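What follows is each chain in one-letter form.
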Amino acid sequence: MSSTILDPAAAATVAGPPAREPRKRRSSTTRKTLGDWMILLVAILIGLLIAVPFFLILINSFKSPADYNAAGPLTLPTDLYFDGMVNFWQRVDFPEKLWNSFFISSVVAILAVLVSLLNAFALGIGRVRGRTWIVLLILLANMLPQEVLLYPLYFMFKSVGLYDNQWAVIIIFVVIQSAFGTYLLASVLGTFPKEILEAASLDGANKWTMLWRVVYPITKPTLSVLVIFFFIWTWNEFLIPLTFLVSNASQTVPVSIAVLQGDRLMDVTTTSASALLGLLPTLIFFLIFQRTLTRGITAGAVK
Amino acid sequence: MKKTKRTLSGAAILGVSALLLSGCSGGAAESDSNTLKLWHFESETSAMGIAWEEAIKVFEEETGATVEFEEKSFEQIRSTASQVLNSDEAPDILEYNKGNATAGLLASQGLLTDLDESVAEYGWDDALAPSLQTTARYDEDGIMGSGPFYGVPNYGEFVEMYYNKDMFAAAGLEVPTTVAELETVMKAFTDQGITPLAESAAEYPLGQLWYQLALTKADREFVDDYQLYTGDVDWSGPELTYATETIKDWTDAGYISTDATGFKAEDAGTAFINGTYPIFFSGSWWHNRFTTEATGFEWGTFLFPEAQMSPGSAGNMWVVPEKAANKELAYEFIDITMRPEIQALIGNNGGIPVAADTADITDAKSQELIGNFNILTERDGIAFYPDWPTATFYDELNAGLQELINGTKSPAEVNKQIGGQYQSGVDDIVG
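Since the model is a prediction, treat every value here as computed from it, not as a measurement. (Residues numbered from 1 in each chain as written. Chains lettered and ligands numbered in written order. Predicted model: local features only at pLDDT ≥ 70, side-chain atom pairs only at ≥ 80, totals over all residues.)

Digging into the overall build of chain B
Okay, step 1: Within chain B, the secondary structure is distributed over 19 helices and twelve strands.
Okay, step 2: Whereas a compact globule of 431 residues would reach a radius of gyration of roughly 22 Å, chain B reaches 24 Å, a difference of no more than 12%.
Okay, step 3: A principal-axis box enclosing the C-alpha atoms of chain B has dimensions of 70 × 70 × 50 Å.
Okay, step 4: When the 431 residues of chain B are sorted by exposure, 49% land in the buried category.
Okay, step 5: Restricting to contacts in chain B with at least 6 residues of sequence separation, those with at least 24 account for 76%. (Helix = DSSP H or I, 4+ residues; strand = E, 2+ residues; numbered from the N terminus. Rg over C-alpha atoms; globule rule 2.2 N^0.38 Å. Buried ≥ 20, exposed ≤ 12 C-beta atoms within 10 Å, placed from the backbone. Contact = placed C-beta atoms within 7 Å.)

Thoughts on the overall build of chain A
Okay, step 1: In terms of regular secondary structure, chain A is built from 14 helices and zero strands.
Okay, step 2: For chain A, the N- to C-terminal ordering of α and β elements is α-α-α-α-α-α-α-α-α-α-α-α-α-α.
Okay, step 3: Within chain A, the fraction of its 303 residues that count as buried is 35%.
Okay, step 4: A sequence separation of at least 24 residues applies to 80% of the contacts in chain A between residues at least 6 apart.

Describing the domain arrangement of chain B
Residue and element names in this part refer to chain B.
Okay, step 1: As far as domains go, chain B holds domain 1 (35–155 + 315–356) and domain 2 (158–312 + 386–430).
Okay, step 2: The straight-line distance from the C-alpha centre of domain 1 to that of domain 2 is 30 Å.
Okay, step 3: Each partner contributes residues to the interface: domain 1 has seven residues there, and domain 2 has seven residues.
Okay, step 4: In terms of residue class, the side of domain 1 that touches domain 2 is built from three nonpolar, four polar and no charged. (Domains from an automatic or database assignment. Nonpolar A, V, L, I, M, F, W, Y, C, P; charged D, E, K, R; others polar.)

Remarks on the environment of Leu 283 of chain A
Okay, step 1: On the secondary structure map, Leu 283 of chain A appears in helix H14 (residues 268–302).
Okay, step 2: For the pair Leu 283 of chain A and Ile 232 of chain A, spaced 51 residues apart in sequence, the C-alpha separation works out to 8.9 Å.

Brief notes about the sheet that holds strand S1 (residues 35–40) of chain B
All names here are of chain B.
Okay, step 1: Read across the sheet, five strands follow the order S2-S1-S3-S12-S6 without closing on themselves; strand pairing throughout is mixed. Lying at the two open borders of the sheet, with one neighbouring strand each, are strand S2 (66–71) and strand S6 (152–153).
Okay, step 2: Each of S1 and S2 is contacted by helix H2 (residues 47–63), which is oriented at about 160 degrees to S2, the strand it contacts most. (Pairing = 2+ DSSP bridges. Axes fitted to C-alpha atoms, helices over the stretch in contact; angles between N-to-C directions.)

A word on the pairing of strand S7 (residues 156–164) of chain B
Residue and element names in this part refer to chain B.
Okay, step 1: With respect to burial, S7 is a largely interior element, nine of its nine residues being buried.
Okay, step 2: Where S7 meets strand S9 (residues 279–283), five bridges bridge the pair, whose relative direction is antiparallel. In the strand pairing of S9, Met 161 is matched with Phe 281.
Okay, step 3: Inspection of the sheet shows S7 paired to strand S10 (residues 299–302) by four bridges, in the antiparallel sense.

A closer look at the pairing of strand S5 (residues 144–149) of chain B
Residue and element names in this part refer to chain B.
Okay, step 1: In this sheet, S5 lies alongside strand S4 (residues 137–138) in antiparallel orientation, the contact comprising two bridges. Bridging across to S5, Tyr 138 finds its partner in Met 144.
Okay, step 2: Adjacent in sequence and paired antiparallel, S4 and S5 are bridged by five residues, among which Gly 142 carries a positive phi angle near 80 degrees.

Remarks on unusual backbone geometry
Okay, step 1: In this structure, Tyr 229 of chain B is a non-glycine residue whose phi angle is positive, near 60 degrees.
Okay, step 2: With 18 C-beta atoms counted inside 10 Å, the residue Tyr 229 of chain B sits in the partly exposed group.

So, helix H19 (residues 411–430) of chain B
Side chains of residues three or four places apart in an α-helix project in the same direction, reflecting 3.6 residues per turn.
Residue and element names in this part refer to chain B.
Okay, step 1: The terminal C-alpha atoms of H19 lie 28 Å apart, and with 20 residues this matches the ideal 28 Å at 1.5 Å per residue to within 8%.
Okay, step 2: Here H19 has its buried residues at Val 414, Asn 415, Ile 418 and Tyr 422. For H19, the angular spread of the buried residues around the axis is 90 degrees, confining them to a single face. Projecting away from the buried face of H19 at angles above 90 degrees are the exposed residues Gly 420, Ser 424, Asp 427 and Asp 428. (Expected span 1.5 Å × (residues − 1). Arc of directions from axis to C-beta.)

Comments concerning the environment of Asn 348 of chain B
All names here are of chain B.
Okay, step 1: In this fold, Asn 348 is placed in helix H16 (residues 340–348).
Okay, step 2: Judged by C-beta crowding, with 20 C-beta atoms within 10 Å, Asn 348 ranks as buried.
Okay, step 3: Put simply, Asn 348 and Asp 363 are 15 residues apart on the chain and 6.1 Å apart in space, counted from C-alpha to C-alpha.
Okay, step 4: Each residue touching Asn 348, except ones within four places of it in the same chain, is listed here: Ile 361, Thr 362, Asp 363 and Ser 366.

A few points about the confidence of the model for chain B
All names here are of chain B.
Okay, step 1: Per-residue confidence for chain B averages 89 on the pLDDT scale, and 93% of its residues sit at or above 70.
Okay, step 2: This stretch, residues 1–8, has a pLDDT under 50; its non-local contacts, to residues over four places away or in other chains, come to 18 contacts.
Okay, step 3: Within the model, pLDDT remains below 50 along residues 10–30, and this stretch shows 26 contacts once partners closer than five positions in the same chain are excluded.
Okay, step 4: The ipTM assigned to the predicted complex is 0.72, against a pTM of 0.79. (pLDDT = per-residue confidence, 0-100.)

Description of the packing of helix H9 (residues 166–190) of chain A against helix H11 (residues 207–236) of chain A
All names here are of chain A.
Okay, step 1: At a minimum axis distance of 11 Å, the contact between H9 and H11 shows a crossing angle of 145 degrees. Taken as a pair, H9 and H11 cross one another with a handedness that is right-handed. Contact residues: Phe 173, Gln 177, Gly 181, Leu 185, Val 188 and Leu 189 in H9; Val 215, Thr 219, Thr 222, Leu 226, Phe 230, Trp 233 and Thr 234 in H11.
Okay, step 2: Along the lines of polarity and charge, the residues of the contact of H9 with H11 split into eight nonpolar, five polar and no charged. (Left-handed = near helix turned anticlockwise from the far one by under 90°.)

Observations concerning helix H4 (residues 100–108) of chain B
Residue and element names in this part refer to chain B.
Okay, step 1: Regarding H4, the residues found buried are Asn 100, Ala 103, Gly 104, Leu 106 and Ala 107.
Okay, step 2: Among the structural elements, helix H3 (74–84), strand S3 (93–96), S4, S5 and strand S12 (317–319) are those in contact with the buried residues of H4.
Okay, step 3: In the stretch just after H4, Gly 110 is the one whose phi turns positive, near 80 degrees.

Quick notes on the environment of Val 320 of chain B
Residue and element names in this part refer to chain B.
Okay, step 1: Structurally, Val 320 can be placed in the loop between S12 and helix H15 (327–337).
Okay, step 2: The spatial distance from the C-alpha of Val 320 to the C-alpha of Gln 83 is 15 Å, given a sequence separation of 237 residues.
Okay, step 3: If sequence neighbours within four positions are ignored, Val 320 has contacts with Ile 93, Leu 112, Thr 113, Leu 115, Lys 327 and Ala 330.

Describing the confidence of the model for chain A
Interpreting fine coordinate detail is not advised for predicted regions of low pLDDT.
Residues and elements named next belong to chain A.
Okay, step 1: A residue-level look at chain A finds 85% of positions with pLDDT of 70 or above and a mean pLDDT of 83.
Okay, step 2: By mean pLDDT, helix H1 (residues 8–15) is the weakest element of chain A at 42, and helix H6 (residues 94–125) is the strongest at 94.
Okay, step 3: In this model residues 1–28 is a low-confidence stretch, pLDDT under 50, and it forms 32 contacts with partners more than four residues away in sequence or in other chains.

Remarks on the packing of helix H12 (residues 238–252) of chain B against H19 of chain B
The description of two packed helices rests on the angle between their axes and on the distance between the axes.
All names here are of chain B.
Okay, step 1: Two numbers describe how H12 lies on H19: the axes approach to 9 Å, and their chain directions differ by 130 degrees. Compared by their axis directions, H12 and H19 come out oblique. The handedness of the crossing between H12 and H19 comes out as right-handed. Listed contacts from H19 to Leu 240, Thr 241, Thr 244, Glu 245 and Lys 248 of H12 are Pro 411, Val 414 and Asn 415.
Okay, step 2: Considering only residue class, the contact of H12 with H19 consists of three nonpolar, three polar and two charged. (Parallel < 35°, antiparallel > 145°, perpendicular 65-115°, else oblique.)

Here it is, written out as structure tokens:
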């Protein structure tokens, strides 16, 4: 029953690591046709294309500047060179930036999912009149380019004394991320089986218990996917943190990477190294949660 | 399902503990009357970074005040300065970009302090050549060249020829002293199958070469007309016609590769470092990098032959925000950075000081660089950069030159096109 609430993103995570059992069964019963092989080939090619920038970062992170000048960006490093990474680490006090990014992203992820769920409960299950327009209005936060929002937000947060404060960034991203979350969850909850809700209200559940005892447990797989997305999206944000986090002590990882971009010169190898350092935490985060997630979702489906 | 629950609540606990631990971090630092809040965006190993670190030490010793220094990214100062300087988070002093669109704009908005009194008191103007003062002064519309001082530059920059001595020696060639000799040198390389000029038309290098060619035929009046809007620029006049036609001729002769349309400055620079091209016409900002990275061959520099003027300017400068809490300390700090010993530190680490005693410069390569710069300033030969007049001209010039190189437009058509774009941009500014 909870298969209805799987969004495409969740479906993609399910498809990610090949589930062992179905594949075995399939290879024993049906032979792969030429078409299957073609599709596999195309999929591998697309996968490689997507991975190319990552490989370039990886290669150049461990290359010395001399090596880069001599052989360009496309060759493998002649020997491993860690100075770029170490220099960057010390120059920006990386652990501090890592903590800032982690703090902002996780608070945003949790709060934004909470706000999304509350909104979506009202819009999807509560069936508020004119909900399409409300959802559209909320989505504006997501559709407007951030450059447009920058100045109004700057004056607002300056007047309430939150300029140069991480909470400014947290509040902004909770709103922006929950706009998408509300849109997605509202349509998911719009198809929520009425029978369950009716049964619950017959048992005497009020709206609050219905939300936390019925809707929340069933939508949990979708919510956890949203947590991951919000975390990664917030982690990678640049423009708004750049504007609102003035002091170095409060800055995030992507903002600190910009230190390496000079007026006229760029340092490709150190920039790659810093990009790798900035990317690793999100990758690790995703790998940890992705495993448990897929298990959770499939477990839910069987039940 | 159980796993998910545990993971989710784990994430929730992490988030909440983050809330508790961090509290309200990044709050406003209280400004203290004995603290100088200073920002700049030079890395600590660069010439300016080294010199300013010493200046901070001297400043703390002499005044007893403490310096609260933060290294900012160029990007952050560039894109958020107007917001930060309008708030209580403004530092007492910061390094900021010179130019109409940057320092000029902030000055016209009243965000920067008028430094005229301090300039007179400390005599900084005596140390700065007239063409270096241009970018430090802005009028009420934020146009550089006249009006009060809003900044004090510490270093300069200019564009010159870098050449690969080993490749010149192998081909039996000498440093050219006229444009005709330069063309002979380039011809000799082309005959050997070597493209002589490392160029990039996707970014600034080719535009600077084009401007340099125009400067070989130009005088100071042309530069003032072009840069400071004091008169009309004739886009079919001898200077710009010669520049565009020469780029075309050099491309046709193979001195400039048509591949340059897709090259960035970084590509041209690394191609010079790895010895693909023998000549690179670009800025002094490469000097330090070539010193440390172009170690496979001997290289040298010379000013563009037969030119009285070259692209160049004073560097980015110290500005004092109008909202700064401790302006007097900021002035004292600026004065320390202008002292000969701090200026010599800039010079000995690959930068170009604006007020150094040449006798203090010990490194031979740096002497050559600073010598060339001093030759230029002494003959009033700093001519700024081609893209300065309007905010969009950088891209328009690059696009025009790309079309010129790949042959889609003739020199006359290109000049007509970029001339029109230049004029409409200037009309918007001058009104």
